[in-house]
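So the chains spell out like this:
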Amino acid sequence: FDKQDAPRQSLLTLFQSLGPQAPQCYDISWSEMIKSMQDIHSQDRSWIWQTCTEFGFYQTCDPNTYCPFTSFPHASDLDSYLDICKQAYGIEGYDVANAVIESNQFYSGWNCNATNVFFVNGGVDPWHAASVLFPNNKEQKTLMVKGASHHAWTHPLTGHDQESVTEARKDIEEIVANWVVGPATKEDVE
């Protein structure tokens, strides 16, 4: 296939890899998306509800960039996300703004002082900009996983995982185990 056809070929390969559970077609209309957000069985409903009632956390695109969602019908800007909140849940934009302020006050935003928290981020994940990147106390940990995308370390193990992801899994296991059962002793290792 030629270079111009590469994105379409990549998408076709992805769908073919899903096997028999691959959908024949997706209805990507605005009305279908709103309808899915109103469906209590939708796997995306709880996350979108939480963005409307607590966090904001919207992935937006700057105009005149190569971001694929900068124009109608799939504009990815603050207004489009606030419109989802309004149409799907009846939540007004000013209520979203107030909820974000309240959440940041309650959790202290980037200055969160909780203990036994591990903020793990992927180096190529745009979400890392919304995360805590440096610990706020001695009982917090942070890790930037070089070259990793969004929560790559939570995916099932494969034979071709990046070394940085494999190491991140080990770090996470060690730190969480230390919080739960305490540090390993010499006897544990033997």
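So, how was this worked out
- Residues numbered from 1 in each chain as written.
- Predicted model: local features only at pLDDT ≥ 70, side-chain atom pairs only at ≥ 80, totals over all residues.
- Heavy atoms only, no water.
- Helix = DSSP H or I, 4+ residues; strand = E, 2+ residues; numbered from the N terminus.
- Buried < 20%, exposed > 50% of the residue type's maximum accessible area, 1.4 Å probe, protein only.
- Polar contact = N/O pair within 3.5 Å; in protein donor to acceptor, adjacent residues only side chain to side chain.
- Contact = heavy atoms within 4.5 Å.
- Expected span 1.5 Å × (residues − 1).

**Examining the side chain of Gln140**
So, point 1. Structurally, the position occupied by Gln140 is in strand E2 (residues 140-145).
So, point 2. What makes Gln140 buried here is its relative accessible area of 2%.
So, point 3. Here the side chain of Gln140 touches Cys112 through a polar contact of 2.8 Å, landing on its backbone oxygen.
So, point 4. If we skip the residues at most four places from it in the chain, Gln140 touches Cys112, Asn113, Ala114, Val117, Phe119 and Pro135.

**Things to note about the environment of Leu82**
So, point 1. As for its position among the elements, Leu82 is in helix H4 (residues 78-89).
So, point 2. For Leu82, a relative accessible area of 19% puts it in the buried group.
So, point 3. Put simply, Leu82 and Val96 are 14 residues apart on the chain and 7.7 Å apart in space, counted from C-alpha to C-alpha.
So, point 4. Here Leu82 is in contact with Ile91, Gly93 and Val96, once residues within four sequence places are set aside.

**What about helix H5 (residues 93-107)?**
For the α-helix, the turn length of 3.6 residues means that residues three or four positions removed from each other point alike.
So, point 1. Taking 1.5 Å of rise per residue, 15 residues should cover 21 Å, and H5 covers 21 Å from first to last C-alpha, within 8% of that figure.
So, point 2. For H5, the secondary structure elements touched by its buried residues are helix H3 (45-55) and H4.
So, point 3. Of the residues flanking the end of H5, it is Ser108, one or two places downstream, whose phi is positive at about 75°.

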